[in-house]
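Spelled out, the chains give:
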Amino acid sequence: MSKQLRLSRRNFLKVGSGLLASAFTSRLLPKTLGHSGEVALASSMMSSAEDPDIHLIGTDGWIYLPGQVPIPGTIDQYYNPDPWAPEGLTTYMFGFANVTGLTDSQIKARKMKAQASAPLFWVDENQEYFVRLGNIGLQMRPDLFDSHTLHWHGFRNAWPVFDGEPHSSLAVPMGESMALYYKPYDPGTYMYHCHFEETEHVHMGMTGAVFVRPAQNGNTGLYPSGKFVYNDGDGSTGYDREFVINLTDVWAEAHWDDAHIQLPDWTSFRADYFLMNGRVYPDTVAPNGGLLDANGDLIPPAGHPELQYQPISSLIQCNAGERVLLRFINLTFANQAMSTPGLKMKVVGKDATLLRGRDGTSLFYDTNSVFYGAGQTIDAIFTAPDVTVPTKYMLYNRNLNRLYNPGVPGLGGQATEIWVHPSGSIPAQTAPNT
Amino acid sequence: MSSSKYKRILSFLVLVLVLSLVGAPLQVGRTATEDHTGIPSTGIVCTTNASSTFTLSANSGYINMTDGNKIFAWSFAEGEDDFQFPGPVLCVNQGDTVTVVLHNHLPQDVSIVFPGQANVLANGVPAQPQFSGSELVSLTNAATANGGSITYSFIAEEPGTFLYQSGTNPGIQVQMGLFGALVVRPAMGLNYAYNRADSQFNPDAEYILMLSEIDPLLHQAIERGETFDLNNYHARYFLINGRSFPDTIAPNGASWLPTQPYGSLAHIYPQDASNPLPALSRYIGVGVENYPFHPHAFNGRVIARDGRPLEGPAGEDLSYEKFSINIGPGQTTDSLFAWEDNYGWQESTTPIPVTLPNQQNLTFGPFWGSAYLGTTEDLPTGHASFNQCGEFYHIAHNHALQQITGWGVVLIGQVTFTRIDPPLPNNCP
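Residues numbered from 1 in each chain as written. Chains lettered and ligands numbered in written order. Predicted model: local features only at pLDDT ≥ 70, side-chain atom pairs only at ≥ 80, totals over all residues. Heavy atoms only, no water.

A.B. asks: Help me out: how do you make sense of the overall build of chain B in this one?
C.D. replies: Along the backbone of chain B there are four helices and 27 strands. Scaling as 2.2 N^0.38, a compact globule of 429 residues should have a C-alpha radius of gyration of about 22 Å, and chain B matches this with 22 Å. Along the three orthogonal principal directions, the C-alpha set of chain B runs to about 75 × 55 × 35 Å. Put simply, of all contacts in chain B between residues at least 6 apart along the chain, 70% involve residues at least 24 apart. The distance from the centre of the 16 positive side-chain charges to the centre of the 36 negative ones in chain B is 6 Å. (Helix = DSSP H or I, 4+ residues; strand = E, 2+ residues; numbered from the N terminus. Rg over C-alpha atoms; globule rule 2.2 N^0.38 Å. Contact = heavy atoms within 4.5 Å. Lys, Arg positive; Asp, Glu negative; His and termini not counted. Charge placed at Lys NZ, Arg CZ, Asp CG, Glu CD.)

What follows is the structure, encoded as structure tokens:
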């Protein structure tokens, strides 16, 4: 069962740290050379538990968040930047890393080099998909022996063995790994996260996006791109470009606590930073990173060494007239209100479900903002305005107190830019968030 | 992190599960039993009355949090029964004239508002907000402190899930526990949530989840007869049906929770030809926060909000699926759900497509039986498993994850579970 031959789009797109890049596959290269870690052409028409579609590990790490969060009652002491952070970085975190195709020594070298947010991956409807999940430990916290899991949040009819909730399921102790299997039947936007010590591990950054492409994809008769959010039957969810907007937040005290062997009272939770795909504005519009060097470590985005472990860009670029899909995910601990005042969004799906009643009644609606709670997803499509010169729009959190970075002038937080170019200016999109 | 706390909670789990699943005799709270002999260990516990006439007494007592703290609380009990928290789940039929007689034993005036019900009468005249001069002192007519009584009545015109709650000093009193649920059964029948064929559910799998919160300092101030400034309000405990996890999954009427009779463990079977109907969860947001509630492994189909079916003017179905249902303050949401065996994996014939690591290289959950529905495997020595017959468990929890903790202790907040048994006949006790 695990070695059957299949020709699927999955094999065409093997996703790494959230982006694309190379036409090479890791399997065609000597593994000691490292690999792109990104989208690779199919080298093999099979996958299995031993040869998974994606190999993720859980570990700790450090990221960069601008500004300062002082420790109350102290002088010149800060939760953020953490004084123990490596040079150029500020904030301790837990996270996943994509080590697909890396050697054992390269994988071990990723200890304390996780990324925020987690590697993005997607699966075709009815496709068999194998994930290997490893746990290489928390280098800053040798006192801890936390296991890790991968919970595919929202997966219908999940079996506990692959659900990753540690009461009902299995978890991966430090130094070990296990294979996970998914065959999703329901297209749409989901998220994944570690469920072990979930309040802490989710908040510390073990969160990412996963989505399922519908069987209808490829039907260019319904929409020219042949790309759809759901099996709509009428092309109403067709789109040209897609962008994941994964929202998380950072309570600087809790992150500092974890680095300094302290415990927060989570009911005192109060976020200081509001992140989009692991970064705060204006870093959200910096380029994608995600390529790997010869050691298997992440190569920083061009011009942004501080964003080495935050590889996913939220910059949205499109041509006039194109339909742009925004896959909104909320892994903060609160409701968020993402707003685009200059653009009209059509909400076509929620929580990986086409918005239709059981009798087919459409529940689509047009809006300038999507208000959605923790653990929820929204699929919204806007049509890029018919501009003749490059034009910028903003996508930002209308919870306006979440539009700042502490101690930093100007706007920040959960915001990004949408650059609409005149028709035909930029080539077709080859991977999400590019 | 905080593995010691985690273990501490797990030790609670040992107690709870051993007592609950292995069938300790049900010595249930009086309200939950006396009028309802043979209540099931899971599922909604309805308080009913042939003439839909209920007597509620407002009184005080204590509830237990699973971190060991005891909280002073106020609530409604049926008749002059012992204190219970929250108030009873009143179930009536559409069209009934519902009468609620309130006796107030508390040191403050207490009233009841019935959101979603029209033309409520208080002592036979239309219930009205109460003013003292120009000052609003109650959202409706109240029973006076220390022994007063009042009678409310209304016709339950619309089926659905509703809240009832104090309308007097409500910021304090609802927080103290003066609330409960009202379920109105539709004319179409007991197996329907609304007067729609597509609202049919399995009556053996009907659940209610009252989501509330507690600021222990507020409760302490009231216990001491002090005032509490609501500007200082800060919830620290987050409860389902008045219990914190893992008490949430203990049976209805568990003997060690004498004042907290309502559990919230869902207990279902795979949906198939022999079990075609979905289960029903009735969610009620009691607190002042919104709760994004996330049951693992199934999308709920949201069929109604605030006791009104989601339908168009011509009866169009406007329901939708959600894997995280956001329930606002005072809102109710009805959700149909089911778990379907899509994969059909069986150990001997169609094994899962991966080889699991050796047992010593895994961390096992306390509910783990095996990878397979209906099968238990031998687990490493020393691993305590509460799994009885290879049943599956899936967590259901608030995804504002600070609210699944409580006052510094992880995993004692709004968490409950769904238990999925193998199809009948099975080997489950």
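A.B. asks: Can you help me understand the overall build of chain A in this one?
C.D. replies: Of the regular secondary structure elements, chain A holds four helices and 23 strands. By the burial criterion, 67% of the 434 residues in chain A qualify as buried. Long-range pairs, those at least 24 residues apart, make up 74% of the contacts in chain A between residues at least 6 apart in sequence. Per element, the accessible surface of chain A, about 14000 Å² overall, is 57% carbon and sulfur. (Buried < 20%, exposed > 50% of the residue type's maximum accessible area, 1.4 Å probe, protein only. Areas by Shrake-Rupley, 256 points an atom, 1.4 Å probe, with all protein chains shown as cover.)

A.B. asks: What should I look at first to understand the state of the cysteines in this one?
C.D. replies: Where two cysteines share a covalent bond between their sulfur atoms, that bond is called a disulfide. Residue and element names in this part refer to chain B. As enumerated under the stated definition, the model contains two disulfides over all chains in all. Here C46 is linked by a disulfide to C91, with a sulfur-sulfur distance of 1.9 Å. Across the S-S bond linking C46 and C91, the dihedral sits near -70°, which makes this disulfide left-handed. Of this pair, C46 sits in strand β1 (residues 46-47) while C91 sits in strand β4 (residues 89-93); the two residues are 45 residues apart in sequence, bridging distant segments of the chain. Overall, the relative accessible area of 14% leaves C46 in the buried class. Two residues, C389 and C428, share a disulfide whose sulfurs are 1.9 Å apart. Taking the torsion about the sulfur-sulfur bond, which here is approximately 85°, the covalent link between C389 and C428 counts as right-handed. Within this pair, whereas C389 is found in the loop between β25 (363-364) and β26 (392-398), its partner C428 is found in the segment after β27 (415-420), the two being separated by 39 residues in sequence. (Disulfide = S-S within 2.5 Å.)

A.B. asks: What is the right way to look at the pattern of salt bridges in this model?
C.D. replies: Oppositely charged side chains are able to pair whenever their charged atoms sit close together. All names here are of chain A. Enumeration over the complete set of coordinates arrives at 23 salt bridges over all chains. For D143, the salt bridge goes to R141, with nearest N and O atoms at 2.8 Å. Taking the relative accessible area as the measure of exposure, R141 reaches 2% and is therefore buried. For the salt bridge of D366 with K344, the shortest nitrogen-to-oxygen distance reads 4.0 Å. (Salt bridge = Lys/Arg side-chain N within 4 Å of Asp/Glu carboxyl O.)

A.B. asks: Can you help me understand the interface of chain B and chain A in this one?
C.D. replies: Interfaces are frequently sized by the accessible area removed from exposure as the parts join. At the interface, 75 residues of chain B touch 80 residues of chain A. Summed over both partners, the interface of chain B with chain A comes to about 6200 Å²; 60% of that surface belongs to carbon and sulfur atoms. R156(A) serves as the salt-bridge partner of E321(B), at 3.0 Å between the closest nitrogen and oxygen. Inspection of the region where chain B meets chain A yields 39 residue pairs in polar contact (both at pLDDT 80 or more). A class-by-class count of the residues in the side of chain B that touches chain A yields 42 nonpolar, 23 polar and 10 charged. Sheet topology note: the strand β8 (residues 170-171) of chain A/β25(B) ladder contains two bridges and is antiparallel. The partner of A171(A) across the bridge, within β25(B), is T363(B). (Buried area = accessible area lost by both parts, 1.4 Å probe. Polar contact = N/O pair within 3.5 Å; in protein donor to acceptor, adjacent residues only side chain to side chain. Nonpolar A, V, L, I, M, F, W, Y, C, P; charged D, E, K, R; others polar. Pairing = 2+ DSSP bridges.)

A.B. asks: Could you clarify how one ought to interpret the sheet that holds strand β10 (residues 188-193) of chain A in this entry?
C.D. replies: Strand pairing within a sheet occurs via backbone hydrogen bonds; the two strands may be parallel or antiparallel. All names here are of chain A. The mixed open sheet is built from four strands, whose spatial order is β5-β11-β10-β7. Across the chains shown, the open sheet's two edge strands, defined by having one partner strand only, are β5 (121-124) and β7 (151-153). Within the sheet, the average angular offset between the axes of one strand and its neighbour, ignoring direction, is 30°. As judged from the six bridges shared by β10 and strand β11 (residues 207-213), these two strands associate in the antiparallel manner. Note on β11: the bridge partner recorded for T189 is F211. (Axes fitted to C-alpha atoms, helices over the stretch in contact; angles between N-to-C directions.)

A.B. asks: Help me out: how do you make sense of the packing of aromatic side chains in this one?
C.D. replies: The relation between two aromatic rings is expressed through the spacing of the ring centres and the mutual angle of the planes. In total, this model carries 43 aromatic pairs over all chains according to the counting rule given. Both rings, one in Y79(A) and one in W256(A), keep their centres 5.3 Å apart while their planes meet at 70°; by these two values the pair is edge-to-face. Taken together, the residues span a long stretch of sequence, with Y79(A) in strand β3 (residues 78-80) and W256(A) in helix α4 (residues 252-259) at a distance of 177 residues. Residue Y79(A) is classed as buried on the basis of its relative accessible area, which comes to 13%. What links up through ring pairs into an aromatic cluster is the set F96(A), F121(A), Y129(A), W152(A), F155(A), Y182(A), Y190(A), Y192(A) and F323(B). Above the face of the F211(A) ring, R327(A) is positioned so that its terminal group lies 3.8 Å from the ring centre. Over the aromatic face of Y320(B) sits the side chain of K350(A), whose NZ or CZ is 5.8 Å from the ring centroid. (Phe/Tyr/Trp six-rings, centres within 6.5 Å; stacked < 30°, edge-to-face > 60°. Lys NZ or Arg CZ within 6 Å of the ring centre and 35° of its normal.)

A.B. asks: Please clarify how the sheet that holds β26(B) should be interpreted in this entry.
C.D. replies: Residues and elements named next belong to chain B. Strand order in the open sheet made by the five strands is β17-β27-β26-β19-β23, with mixed pairing throughout. In this open sheet, the two edge strands, each paired with only one partner strand, are β17 (266-268) and β23 (325-327). On average, adjacent strands in this sheet sit at an angle of 20° to one another, irrespective of strand direction. Inspection of the sheet shows β26 paired to β27 by six bridges, in the antiparallel sense. By the bridge assignment for β27, A396 is matched with T416.

A.B. asks: Explain unusual backbone geometry here, please?
C.D. replies: Comment: phi is negative for the bulk of residues other than glycine, and the bulk of peptide bonds are trans. Residue S117(A) is reached from A116(A) by a cis peptide bond, and omega for that bond is -15°. Residue position: S117(A) is located in the loop between α2 (104-109) and β5. Following F245(B), the chain continues into P246(B) via a peptide bond in cis, with omega recorded as 5°. Inspection of the secondary structure puts P246(B) in the loop between β16 (237-240) and β17. Here N433(A), not a glycine, exhibits a phi torsion of approximately 60°, which is positive. Residue position: N433(A) is located in the segment after β23 (415-421). You will see that N119(B), though not glycine, has its phi angle at about 55°, which is positive.

A.B. asks: How do you make sense of the confidence of the model for chain A when you look at a structure like this?
C.D. replies: The predicted model of chain A averages 91 in pLDDT, with 89% of residues at 70 or higher. A low-confidence stretch, residues 1-45 of chain A stays under pLDDT 50, and its non-local contacts, those more than four residues away or across chains, total 133 contacts. (pLDDT = per-residue confidence, 0-100.)

A.B. asks: Explain the nonpolar core here, please?
C.D. replies: Ranked by size, the top nonpolar core spans 168 residues in total, and within it W152(A), F328(A) and F382(A) carry the most contacts. In this structure, W152(A) is in contact with F121(A), V123(A), D163(A), Y182(A), P184(A), Y190(A), M191(A), Y192(A), V210(A) and V212(A), ignoring residues within four places of it in sequence. Judged by nonpolar contacts, the second largest core, of 34 residues, contains L56(B), V120(B), I150(B) and F154(B). (Core = buried A, V, L, I, M, F, W, Y, C linked by side-chain atoms within 4.5 Å.)

A.B. asks: What's the story with α4(A) in this structure? I'm lost.
C.D. replies: Since the α-helix packs 3.6 residues into each turn, any two residues three or four apart lie on the same face. Residues and elements named next belong to chain A. Across the eight residues of α4, seven count as buried, placing the element largely inside the fold. Those residues of α4 that fall on the buried side of the exposure criterion are A252, A254, H255, W256, D257, D258 and A259. Of the surrounding elements, those touching the buried residues of α4 are β1 (54-63), β2 (69-70), β3, β4 (91-98), α3 (198-203) and β12 (241-250). Once α4 finishes, I261 follows within two positions and takes phi at roughly 60°, a positive value.

A.B. asks: How should I be thinking about helix α4 (residues 216-223) of chain B in this particular structure?
C.D. replies: Residue and element names in this part refer to chain B. Along α4, the positions that sit buried rather than exposed are P216, L218, H219, A221 and I222. Those residues of α4 that are buried lie in contact with β3 (70-78), α3 (170-176), β15 (206-214) and β16. Capping the start of α4, D215 holds a side-chain oxygen 2.9 Å from the backbone nitrogen of L217, two or three residues further along. Of the residues one or two after α4, G225 is the one with positive phi, at around 75°.

A.B. asks: Explain the confidence of the model for chain B to me, please; I cannot follow it from the model alone.
C.D. replies: Note that predicted coordinates carrying low pLDDT should not be read in detail. Put simply, chain B has an average pLDDT of 92, and 91% of its residues get 70 or more. The low-confidence segment residues 1-37 of chain B (pLDDT under 50) makes 93 contacts with residues lying over four places distant or belonging to another chain.

A.B. asks: Sorry, what's going on with the pairing of strand β17 (residues 345-350) of chain A here?
C.D. replies: Strand residues, when the strand is regular, have side chains that alternate between the two faces of the sheet. Residues and elements named next belong to chain A. Among the six residues that make up β17, five are buried, leaving the element largely enclosed by the rest of the structure. Of the pairings in the sheet, the one linking β17 to strand β19 (residues 365-367) comprises three bridges and is antiparallel in character. When the bridges of β19 are listed, K346 appears paired with D366. Summarising the sheet, β17 and strand β21 (residues 377-383) pair through five bridges and their orientation is antiparallel. Within β21, the residue paired with V347 across the bridge is A380. As paired strands, β17 and strand β18 (residues 353-354) are joined by two bridges and run antiparallel to one another. In the strand pairing of β18, G349 is matched with L354.

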